[in-house]
Amino acid sequence: MLKDSSCGELRRADAGRTVRLAGWVHRRRDHGGLVFIDLRDSTGIVQLVFSPDQASVMDTAHRLRPEWVIAVAGPVSERSAETVNPNMDTGEVEVFPASCEVLNTSLTPPFFINEPAEVDEYLRLKYRYLDLRRPEVARMIRLRHDVVRFIREFLSSRRFMEIETPTLIKSTPEGARDFLVPSRLQPGHFFALPQSPQIMKELLMVAGFERYFQIARCYRDEDFRANRVAEHTQLDLEMSFVDEDDVMGLVEELYTEIAREFGQGELAATPFPRLDYYDCIERYGIDRPDLRYGLEFADISEPLRGTGFKVFAGALESGGQVKAICVPGQAEMTRRDLDELTEVAKGGGAKGLAWIGILQDELRSPIAKFLSEVEVQGIRSATGAGVGDLLLIVADTPGVVADSLHLVRDDLGDRLKLKDPAVLSFAWVTGFPLLEWRPEEGRWDAAHNPFSSYRPEDEPLLDTDPGKVIARQYDLTLNGTEVGGGSIRINTREAQEKVLALMGYTPADMEERFGVLLEALEYGAPPMGGVGAGIERLLMGLSGTSNIRDVIAFPKTSAGSDPLMGSPSPVDPEQLAELGLELGPKARAAIAAASEQENEPATGATE
Ligand code: ASP
């Protein structure tokens, strides 16, 4: 080893020891006489002081540049009181190298590594190996390791077995498109990358393992949205002989411990609140509400029935509803904020956002003149609005009201700074419908995944009113994002076929797509349930970052490409031929367009 000590670990107690260190030149201050180098390795940073007392190393010291790789040896010395740096873990000591060897030089990096500067994301990803040198970036990858190790130890100590399932498989649907991998040995045949290990983990329960987990890579080919990535990692687990409370209880215990150990914020509530799906939609318009703040919806349809105000009357007469958010103390909110909130509401489909500010002696509102005193009293008592409060109101179909008021509530959370970054607010949501109607396809689809079971008492509804069947599904949310979901599974062939049939599968399709599972369910499948919980989303919540790429060592851009390795990329025609594949006109045109773009001279470079 070129080193016997680690930069970040040196402390006052090491003073007097001679240490050998190796790492990167993080920062250099050349004072002519003395040269100060901050030396960085994977554990942190320590200050080296090259002094003319050690004449033999001074020449080298003057030559050093940021990011050169060096090895030094010398005594650790306690800093004098006035030079102690309380901002550094190693701020009480410094090292006086008696020898210094340059192990490698470095080009000047394309961005500062020794300052937490804003750097263009494309550049960061293209030079991710340099970006990862930045201590604040590396810290997230360390956090990821620590959390995953904690999960492994926690579950192993509870008799879970970590079992790897294959990534070249046949499709396992989770509602996204599959990534396909062509087979060379069987031309014309394809593997799919798993959207989750769902079928495999159920087979492991049939196999008798009883408690399985995996830190599993899952691939979902979706259109890119902020914080969606094509490949994510999830804590995937499955248990036999359990009900909902067993699985939720175990996950809750694990996540409570993780939050206490690694979370930047305080846990808002334990046990985690449990919300009913329909109740959630009523109160927050969404099934993953941010519970760090209130601003729940109040239904004000009743006091407004028969109103002369056309906008509200029209919505109510056509079967819609009128709902309000009461914002405490905001009666005097600026017109500008109100106009912006109106635009936000329109983003959810609303035609507008009505507002009423309740002042001491009057109402501040463009719609007050259309409302009777009784109606205003009715609205106030339904919302609990008092003097000084602001009411934000949407009248429309229940779907539009939910979507628009949810966006308004979410925006208010940011605008009024209600999303406390120092709070971790977990909640369970249960009571989801099993199936959702797809009008354009004329069939039911699984609201979550097709293997979720349903409440036994709802069984007859499968024949009469499938939309009313409640799934034995539970989702875990954290500060307004879904961080996990799971269910008790269907464990008989008969029930599984019935649900698949509702989803429009013919017996032949079922056999083709799910034949293995259906057959396995006939060989003594135990009652089982489990969870899939996103590691990246959990880490985002724990660390407070809003960018999913911060918690992935080698992420792709938000458009799904990888500037570091240059993927995805075209492949050699020979490689395609080996696979028995040929590109069609659409693919050829896309390649031609991309290469034309690459060859275009940069703007300004033409004459
Ligand atoms: N397979 C589900 C998913 O990946 C999780 C589960 O139900 O266990 O979302």
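Refer to the structure above for everything that follows.
Presented here is an overview of the structure given in this document. Not measured: the values here are computed from a predicted model.

## Some points on the pairing of strand S1 (residues 18-30)
Within a regular strand, side chains alternate between the sheet's two faces.
Link 1 in the chain: Pairing geometry for S1 and strand S4 (residues 69-78), over 7 bridges, is antiparallel. Bridge pairing links Leu21 to Val72 in S4.
Link 2 in the chain: Here S1 runs beside strand S2 (residues 35-41); their pairing, made up of 6 bridges, is antiparallel. Bridge pairing in S2 links Arg28 to Ile37.

## Thoughts on the packing of aromatic side chains
Any two aromatic rings considered together are summarised by their centre-to-centre distance and by the angle between their planes.
Link 1 in the chain: With the rule as written, the count across this model stands at 12 aromatic pairs.
Link 2 in the chain: Note on Phe309 and Phe370: the rings are 5.0 Å apart at their centroids and 5° apart in plane angle, and the pair reads as stacked. Residue Phe309 is located in the loop between helix H8 (301-304) and helix H9 (310-317), and its partner Phe370 is located in the loop between strand S17 (363-364) and helix H11 (373-383); the two are separated by 61 residues in the primary sequence.
Link 3 in the chain: Residue class for Phe309 comes out buried when judged on its relative accessible area of 8%.
Link 4 in the chain: Ring geometry for Tyr505 versus Phe514: centroids 5.4 Å apart, planes at 75°, classification edge-to-face.
Link 5 in the chain: Residue Tyr505 is classed as buried on the basis of its relative accessible area of 17%.
Link 6 in the chain: Counting every residue linked through ring pairs, the aromatic cluster contains Tyr255, Phe272 and Phe426.

## Observations concerning the pattern of salt bridges
Link 1 in the chain: Within the structure shown, the criterion is met by 52 salt bridges.
Link 2 in the chain: The partner of Asp131 in a salt bridge is Arg128, and the shortest N-O contact between them spans 2.6 Å. Of this pair, Asp131 and Arg128 both sit in helix H3 (residues 128-131), 3 residues apart, roughly one helical turn.
Link 3 in the chain: Take Asp131: its relative accessible area is 0%, and that puts it in the buried class.
Link 4 in the chain: Across the pair Asp337 and Arg415 runs a salt bridge whose closest N-O atoms are separated by 2.7 Å. With Asp337 in helix H10 (residues 335-347) and Arg415 in helix H12 (residues 398-415), this pair connects stretches of sequence that are 78 residues apart.
Link 5 in the chain: Counted as one network, the salt bridges with shared partners bring together Arg124, Arg128, Asp131, Arg134, Glu136 and Asp550.

Conventions and cut-offs
Residues numbered from 1 in each chain as written. Predicted model: local features only at pLDDT ≥ 70, side-chain atom pairs only at ≥ 80, totals over all residues. Heavy atoms only, no water. Pairing = 2+ DSSP bridges. Helix = DSSP H or I, 4+ residues; strand = E, 2+ residues; numbered from the N terminus. Phe/Tyr/Trp six-rings, centres within 6.5 Å; stacked < 30°, edge-to-face > 60°. Buried < 20%, exposed > 50% of the residue type's maximum accessible area, 1.4 Å probe, protein only. Salt bridge = Lys/Arg side-chain N within 4 Å of Asp/Glu carboxyl O.

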